[in-house]
Amino acid sequence: MKQIKLLLCGVILFTAATNTNAQLGGLLKKAKDKVTPPSQTQATTPSSTPTQTNKPAIMENTKETANEKTETTFYLYDQQYGYSSGGSNYTVAQFINQKRTFRPNDHIRKSDEKGTFHFAKDYPELAPVMEPINNAISISFHTPYNVEVGKTITSFTSKSYIYARITANTGTIKEALKIADKDDGIRFGFIIYNDDKGTIKTQEYQLDFDITPAQANSKSITVDILPDPEIYKFSKQGAFWPGATFVGMHDQSTFSKNGAYKVGFFIKNEKVDDWGKPIWGDDIIFTNFFDYNFDAKDVAAIKKDADLLNDLRVSAIKNVITELPKQWAEKTSNTVMGFTQAQLITMYQNSFTDKMDAHTVVKFHASSSNGGWTTQNNDFGIPIYRYSNQWYTIFIKYANGKTCFYQGFGLRQQYNGGGTYGKAFIDKNEYHMLDCGQMK
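1. Here's the deal with the overall build of the chain
In step 1: Along the backbone of the chain there are nine helices and 20 strands.
In step 2: Scored against the burial criterion, the 440 residues of the chain give a buried share of 38%.
In step 3: Contacts in the chain between residues at least 24 apart in sequence constitute 68% of all its contacts with a sequence separation of at least 6.

Structure representation (structure tokens):
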């Protein structure tokens, strides 16, 4: 079962954009001329020629100065000022002296270049200070959902349905991302490149996605970016839906106007030490990019689809088959709240707005309890309601023999004032779907 561990309250939250490059300072050092003055002997000896004696040194210094002026320099991207104001000119020699290294997709460009879409891997000159390119995983994009492997697309519009396929080129997804046995979470994110304003907006999905053993040990997984909700209803869906973040980025601060943008999509996992603890700031990251032609008129439809997909996913999570709870194997206790088992079952069946379809109560379980009620008060100490200290679990099988579930419930009474309470009613928890074959 796929689960989502929320870092923030709510079903899905969209988060603000962040960047990771820091502004660096420094000035290009100039070499000093090293002209050696003529010696006393040379000055007083008629056969000496001071100009010729110093000519090689002068020529060398001139060559050194010329090299400094023509040596390639680079700008680093600054999260506040971009490339134009975000750092001094740096030479490769300076990077080496500073022991500075770059990842292949770090943002950097030559000082005389324009545009935001530049990376360390694009410059052979940076090879001495760049980490090796990791090709263990490739990311491709496609539409529709069931496109054949190899038929990828690199250009979409804001009307497109977009999917990503993450493929392990050698080994498995688990091996490529270095997913430890106790580490079942992976993270996705997006980067929007806008050359019009010279900006790069990075947004990570602030929810970790659980990856099941089957997914981790597979060669390829499909990810929904902007999926088609109609085919989603028929289980045409990816393993994950990080696209909710991409939908949330569809505002004027990110897409300032209609036109062409570059979108980067990445998957990453934190490296861990020998004790299995995450190493902060040291992640395994794989990235690929697609062209995105944006039109603000499409945003309403994109967000409407996202709302529908969210509802469908919540429903899918609720209806996934779960294991039988411990109450299935336990012996039921006596009912102690003044109601018989038959009365409690009838109260449960009548607690739904619509009449339940034909079904059988396979088992009824009452927890061990001495009875009584627990009162819930407001901030002023005034009772709001009280609930039973005995809890019940009911196991249901529908007449079709294919639909089974269990649900826990208790009793509640609302406070009427004057020390009195209303009629007891059923207070239910969420239901959980079961494999009917297990209930034997």
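2. Observations concerning the packing of aromatic side chains
In step 1: Enumeration over the complete set of coordinates arrives at 34 aromatic pairs.
In step 2: Pairing Phe190 with Phe246 gives two aromatic rings, centres 5.2 Å apart and planes at 20°, and the pair type is stacked. Taken together, the residues span a long stretch of sequence, with Phe190 in strand S7 (residues 185-194) and Phe246 in helix H7 (residues 243-248) at a distance of 56 residues. In this pair, the class of Phe190 matches that of Phe246, namely buried.
In step 3: Both rings, one in Tyr398 and one in Phe405, keep their centres 6.0 Å apart while their planes meet at 35°; by these two values the pair is tilted.
In step 4: When its relative accessible area of 7% is taken as the criterion, Phe405 is described as buried.
In step 5: What links up through ring pairs into an aromatic cluster is the set Phe141, Phe156, Phe188, Phe190, Phe240, Phe246, Phe255, Tyr261, Phe265, Phe290, Tyr292 and Phe294.
In step 6: The lysine or arginine in question, Lys262, covers the ring of Phe117, its NZ or CZ lying 4.8 Å from the ring centre.
In step 7: We note Arg412 situated over the ring of Tyr385; from NZ or CZ to the ring centre the distance is 3.9 Å.

3. So, the pattern of salt bridges
In step 1: Across all of its chains, the model carries six salt bridges by this definition.
In step 2: Across the pair Asp427 and Arg412 runs a salt bridge whose closest N-O atoms are separated by 3.3 Å. Of this pair, Asp427 sits in strand S20 (residues 425-434) while Arg412 sits in strand S18 (residues 404-417), and the two are 15 residues apart along the sequence.

4. Some words on unusual backbone geometry
In step 1: Positioned with a positive phi, Lys99 is a non-glycine residue whose angle comes to about 55°.
In step 2: Relative to the assigned elements, Lys99 resides in the loop between helix H3 (92-97) and strand S3 (108-110).
In step 3: Positive phi outside glycine occurs at Lys178, with the angle close to 55°.

5. Some thoughts on the state of the cysteines
In step 1: Counted according to the given criterion, the structure contains one disulfide.
In step 2: What pairs with Cys404 in a disulfide is Cys436, and their sulfur atoms sit 2.0 Å apart. Looking along the S-S bond of the Cys404-Cys436 disulfide, the torsion reads about 115°, which is the right-handed sense. Remark: Cys436 occurs in the segment after S20 and Cys404 occurs in strand S18; sequence separation between them is 32 residues.

6. Focus: helix H9 (residues 341-349)
In step 1: Looking at H9, one finds that the buried residues are Leu344, Ile345 and Tyr348. Angularly, the buried residues of H9 cover 100° about the axis, an arc narrow enough to put them on a single face.

7. Quick look at the nonpolar core
Nonpolar side chains in soluble globular proteins tend to be buried together.
In step 1: Core analysis: the largest hydrophobic core is formed by 46 residues, its most contacted members being Ile166, Ile225, Phe246, Phe265 and Tyr292.
In step 2: Among the elements that make up this core, the one with the highest residue count is strand S12 (residues 278-294) (five residues).
In step 3: Ile345, Ile396, Tyr398 and Phe409 belong to the second-largest nonpolar core, a separate cluster that totals 16 residues.

8. A closer look at the sheet that holds strand S10 (residues 220-226)
In step 1: With antiparallel pairing, three strands are arranged side by side in an open sheet as S4-S6-S10. What marks the edges here is a single partner per strand, and that holds for strand S4 (137-142) and S10. Each adjacent strand pair in this sheet contributes to an overall mean axis angle of 25°, direction not counted.
In step 2: One ladder, built from six bridges, connects S4 with strand S6 (residues 162-168); its direction is antiparallel.

9. Focus: the confidence of the model for the chain
In step 1: Mean pLDDT for the chain: 81, with 78% of residues reaching 70 or above.
In step 2: Within the model, pLDDT remains below 50 along residues 1-68, and this stretch shows 84 contacts once partners closer than five positions in the same chain are excluded.

10. Some thoughts on the environment of Thr222
In step 1: Take Thr222: it is sitting in strand S10.
In step 2: Contact partners of Thr222, with chain neighbours within four places excluded, come to His142, Tyr145, Tyr163, Ala164, Arg165, Gly238, Ala239 and Phe240.

11. Some remarks on the side chain of Gln407
In step 1: By the element assignment, Gln407 lies in strand S18.
In step 2: Gln407 gets classed as buried once you look at its relative accessible area, which sits at 5%.
In step 3: For Gln407, the side chain forms a polar contact with the side chain of Tyr348, separated by 2.6 Å.
In step 4: A polar side-chain atom of Gln407 sits 2.6 Å from the main-chain carbonyl oxygen of Asn429.

12. Focus on the environment of Ile153
In step 1: Mapped onto the secondary structure, Ile153 falls in the loop between S4 and strand S5 (155-157).
In step 2: Overall, Ile153 belongs to the partly exposed group, its relative accessible area being 28%.
In step 3: Taking the C-alpha atoms as reference, Ile153 lies 9.4 Å from Asp291; in sequence the two are 138 residues apart.

Reading the values: rules and limits
- Residues numbered from 1 in each chain as written.
- Predicted model: local features only at pLDDT ≥ 70, side-chain atom pairs only at ≥ 80, totals over all residues.
- Heavy atoms only, no water.
- Helix = DSSP H or I, 4+ residues; strand = E, 2+ residues; numbered from the N terminus.
- Buried < 20%, exposed > 50% of the residue type's maximum accessible area, 1.4 Å probe, protein only.
- Contact = heavy atoms within 4.5 Å.
- Phe/Tyr/Trp six-rings, centres within 6.5 Å; stacked < 30°, edge-to-face > 60°.
- Lys NZ or Arg CZ within 6 Å of the ring centre and 35° of its normal.
- Salt bridge = Lys/Arg side-chain N within 4 Å of Asp/Glu carboxyl O.
- Disulfide = S-S within 2.5 Å.
- Arc of directions from axis to C-beta.
- Core = buried A, V, L, I, M, F, W, Y, C linked by side-chain atoms within 4.5 Å.
- Pairing = 2+ DSSP bridges.
- Axes fitted to C-alpha atoms, helices over the stretch in contact; angles between N-to-C directions.
- pLDDT = per-residue confidence, 0-100.
- Polar contact = N/O pair within 3.5 Å; in protein donor to acceptor, adjacent residues only side chain to side chain.

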